[in-house]
Amino acid sequence: MTTPVDYRPATPADVPSLHATWAEAFTSAHVTQLYAHDPGRLPRTFVAVEAGTVVAAVYYLPRRVRNAAGGVDLVGGVANVATRVRARGRGHIRRLLDLAVTAMAADGCAWSLLFTGTPGVYLSSGYRPFALHYPSGRPAAAVAPLPPDWIVQAEAGVDRAQLAPLHEAFNARRPLSTVRDADDWRLRVPVWYAPPTQLLVARHHGRTAGYLAAQWAPKSVRVVEVAARPDRPEALRALFGAVARTAVGRGVRECVARLPADPAIDAALPYLLTDPVTQADATGMVRPIHAAPDHLAAITEAPGAFHWPADYL
């Protein structure tokens, strides 16, 4: 006899087996760490419950994401999608996504966004993939020293309130970027850019002018976010040059600039890498809810469109 499965929003009683489901599917602690910061999480967490145990889950968080017209859309960001090994292949995720999309529509979400390494799971639920393109190459070998009025240094404990205005101004019209609030800077950014990710801050005459987040490996470095004051685009040259000098000194052979096509970034890129080639991140997927498909295509295909890793769910 087949055990019936109940598909519904999560309740407090589900939390232990919900966490156990995620522990079976994910190795990173940030899954439950970020989830715990969301006070409205349970009604937006949909679970498949079999014999009193959560065997699959889908969670979403409403986020404000910039569109291609210069405005901001309310978007349902999907995350923490998991099925226990013994329950896979039975369509649980498709049914839970149906519930989540219905709830997103009631919340007023224009569309839904997720990032995944298994896109086939989501195609039958109306999600379609898109790609973000960015350059990589060898670290720039000959970078001039910084002028004396500039200081670039690693600052793991920087007051992130200093960085928020730079991020806001740098991304003010960047399609697909998230409009961060104070809780994002207080809770989400520190989780995603925690050590060993290195945070570099550039200051001009003592005033914060730009920042950069870099992830180092023995033979590579990956730049995953930058921002600069609009009146100080040369902050990017200072930051890129600092990374390149360190990379050369460490014998690093590859530099990945996971950064958007942007005039300020493009102008400073030779200070970071040479012989660039284009790479693609094809893990993003979108689904229209209240918005038309053309609205989503305009966002994901817009020049400079980008989604920073610190805004993942």
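Scroll up a little and you will see the structure.
Residues numbered from 1 in each chain as written. Predicted model: local features only at pLDDT ≥ 70, side-chain atom pairs only at ≥ 80, totals over all residues. Heavy atoms only, no water.

**As for helix α3 (residues 92–107)**
Threshold: Numbering goes from the N terminus for both helices and strands, where a helix is a DSSP run of H or I of at least four residues and a strand is a run of E of at least two. Residue count minus one, scaled by 1.5 Å, sets the expected span of a helix.
Taking 1.5 Å per residue as the helical rise, α3 with its 16 residues ought to reach 22 Å, and the 23 Å between its terminal C-alpha atoms agrees with that figure. One or two steps after α3, the chain reaches G108, where phi turns positive at roughly 90°.

**Observations concerning the environment of R128**
As a reminder of what qualifies: Throughout, a residue-residue contact means that at least one pair of heavy atoms, one from each residue, lies within 4.5 Å. Whenever a nitrogen or oxygen atom comes within 3.5 Å of another N or O atom, the pair is scored as a polar contact, on the condition that within protein one atom can donate a hydrogen and the other can accept it, and that pairs from neighbouring residues in sequence are kept only if both atoms are in side chains.
You can see R128 is positioned in strand β6 (residues 128–139). Taking the C-alpha atoms as reference points, R128 and P288, 160 residues apart in sequence, are found 9.4 Å from one another. Among all residues touching R128, those that are not within four sequence positions of it are L123, G284, M285 and V286. A distance of 3.1 Å separates a polar side-chain atom of R128 from the backbone oxygen of L123.

**Brief notes about the side chain of N80**
As a reminder of what qualifies: Partly exposed describes any residue whose relative accessible area lies between the buried limit of under 20% and the exposed limit of over 50%, with all areas from a 1.4 Å probe on protein chains only and scaled to the type maximum.
In this fold, N80 is placed in strand β4 (residues 72–83). Given the relative accessible area of 8%, N80 is considered buried. Residues in contact with N80, not counting those within four places in the same chain, are W22, F26, V31, Y35, A57, V58 and Y59.

**Observations concerning the nonpolar core**
Looking at soluble globular proteins, one finds that nonpolar side chains tend to be buried together. Worth spelling out the cut-off: Nine residue types can take part in a nonpolar core, namely buried Ala, Val, Leu, Ile, Met, Phe, Trp, Tyr and Cys, and a core is a set of them joined through side-chain atoms within 4.5 Å.
With 63 residues, the main nonpolar core has W111, L212, V226, F240 and L272 as its most contacted residues. A per-element tally of this core places helix α7 (residues 234–250) first, with 8 residues. If we skip the residues at most four places from it in the chain, L212 touches Q198, L199, L200, V223, E225, V226, L239, F240 and V243. Residues V81, I93, A100 and Y127 belong to the second largest nonpolar core, which totals 22 residues.

**Description of the sheet that holds strand β1 (residues 5–9)**
Sheets are built from strands paired through backbone hydrogen bonds, the pairs being either parallel or antiparallel. Our working rule: At least two bridges found by DSSP between two strands are what make those strands a pair. Helix axes are fitted only over the stretch in contact, all axes being lines through C-alpha atoms; the angle between N-to-C directions runs from 0 to 180 degrees.
Here we have 12 strands laid out as an open sheet, ordered β1-β2-β3-β4-β5-β12-β6-β11-β10-β9-β8-β7, and mixed in their pairing. Among the strands making up the open sheet, the edge pair consists of β1 and β7 (150–154). With direction set aside, neighbouring strand axes in the sheet form an average angle of 25°. Summarising the sheet, strand β3 (residues 53–66) and β4 pair through 10 bridges and their orientation is antiparallel. In the sheet register, A56 faces β4, and the bridge partner there is T83.

**Structural notes on unusual backbone geometry**
Residues P195 and P196 are joined by a peptide bond in cis, for which omega reads 20°. As for its placement among the helices and strands, P196 is situated in the loop between α6 (182–192) and β8 (198–204). The phi dihedral of N80 is positive, around 55°, even though this residue is not glycine. The backbone phi angle of D275 is positive, close to 50°, even though this residue is not glycine. The residue D275 is located in strand β12 (residues 273–288) in this model.

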